[in-house]
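Results of the structural survey
Chain by chain, the residues run as shown.
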Amino acid sequence: QVQLVESGGGLVQAGGSLRLSCLTSGRSFSSRAMAWFRLAPGKEREFVAAISWNGSSTYADSVKGRFTISRDKAKNTVYLQMSSLKPEDTAVYLCAATHSGGSVYEYWGQGTQVTVSS
């Protein structure tokens, strides 16, 4: 059983920063790919960033250069450092994980709300 718990969301002014955390329970954290997605009202779920088991990362064009994904294997935690936030970044941010060695995100957290005011 894998459980993901996000934290770190909140209200921030445009141009500000936030760091989201995703604590993962269960085994094999170091061999799972992890990712952040976001869901805004009236929009489809959107990929934000991902990090592989070996640390390589990918980003959506909309956040490249502003967001950084990282993982701490000792703490079973994935982070999303968000800077230069814009109102259009407002969404519920969801953490996701694959099976060990897999490529499909099958485990999801409940999400944490990020609101960016203009």
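Residues numbered from 1 in each chain as written. Predicted model: local features only at pLDDT ≥ 70, side-chain atom pairs only at ≥ 80, totals over all residues. Heavy atoms only, no water.

Before going further, it helps to spend a moment on the overall build of the protein. What the protein contains, in helices and strands, is 0 helices and 11 strands. Ordered by position from the N terminus, the helices and strands of the protein form the series β-β-β-β-β-β-β-β-β-β-β. A compact globule built from 118 residues would reach a C-alpha radius of gyration of about 13 Å, and the protein, at 13 Å, matches this within 12%. Along the three orthogonal principal directions, the C-alpha set of the protein runs to about 40 × 25 × 25 Å. With 118 residues in all, the protein has 41% of them scored as buried. As presented, the protein carries roughly 6200 Å² of accessible surface, and 49% of it is formed by carbon and sulfur atoms. Both charge centroids of the protein, one from 12 positive and one from 8 negative side chains, sit 7 Å from each other. (Helix = DSSP H or I, 4+ residues; strand = E, 2+ residues; numbered from the N terminus. Rg over C-alpha atoms; globule rule 2.2 N^0.38 Å. Buried < 20%, exposed > 50% of the residue type's maximum accessible area, 1.4 Å probe, protein only. Areas by Shrake-Rupley, 256 points an atom, 1.4 Å probe, with all protein chains shown as cover. Lys, Arg positive; Asp, Glu negative; His and termini not counted. Charge placed at Lys NZ, Arg CZ, Asp CG, Glu CD.)

For the rest of this paragraph, the subject is the nonpolar core. Counting 27 residues, the largest nonpolar core has Met34, Trp36, Val48, Phe67, Leu80, Met82 and Tyr93 as the members making the most contacts within it. Elements with a minimum of two residues in this core: strand E3 (18-25), strand E4 (34-39), strand E5 (46-51), strand E7 (67-72), strand E8 (77-82), strand E9 (91-98) and strand E11 (112-117). With 4 residues, the top contributor of residues to this core is E9. Once residues within four sequence positions are removed from consideration, Phe67 is found in contact with Arg38, Val48, Tyr59, Leu80, Gln81, Met82, Ser83, Leu85, Asp89 and Tyr93. (Core = buried A, V, L, I, M, F, W, Y, C linked by side-chain atoms within 4.5 Å. Contact = heavy atoms within 4.5 Å.)

Moving on, we come to the pairing of E3. When strand E1 (residues 3-7) meets E3, the two strands line up antiparallel, connected through 5 bridges. Counted as the bridge partner of Val5 is Leu23 from E3. Inspection of the sheet shows E3 paired to E8 by 6 bridges, in the antiparallel sense. Along E8, the bridge assignment pairs Leu20 with Leu80. (Pairing = 2+ DSSP bridges.)

Let us look at the environment of Thr68. Along the polypeptide, Thr68 turns up in strand E7. Placed 15 residues apart in sequence, Thr68 and Ser83 show a C-alpha to C-alpha distance of 8.6 Å. When near neighbours in sequence (up to four residues on either side) are disregarded, Thr68 contacts Tyr59, Tyr79, Leu80 and Gln81.

Let us look at the sheet that holds E8. The antiparallel open sheet is built from 4 strands, whose spatial order is E1-E3-E8-E7. Of all the strands in the sheet, just E1 and E7 have a single pairing partner and so form its edges. Mean inter-strand twist for the sheet, computed between neighbouring axes without regard to direction, equals 15 degrees. (Axes fitted to C-alpha atoms, helices over the stretch in contact; angles between N-to-C directions.)

Following the criterion strictly, the structure yields 4 salt bridges and no others. A salt bridge links Glu46 to Arg38, with the shortest nitrogen-to-oxygen separation between them at 2.8 Å. According to the relative accessible area criterion, Glu46 is partly exposed, its value standing at 30%. For Asp89, the salt bridge is made with Arg38, and the minimal N-O distance between the two is 2.9 Å. One end of the pair, Asp89, is in the loop between E8 and E9; the other, Arg38, is in strand E4, and 51 residues separate them in sequence. Here Asp89 falls in the buried class, since its relative accessible area comes to 1%. (Salt bridge = Lys/Arg side-chain N within 4 Å of Asp/Glu carboxyl O.)

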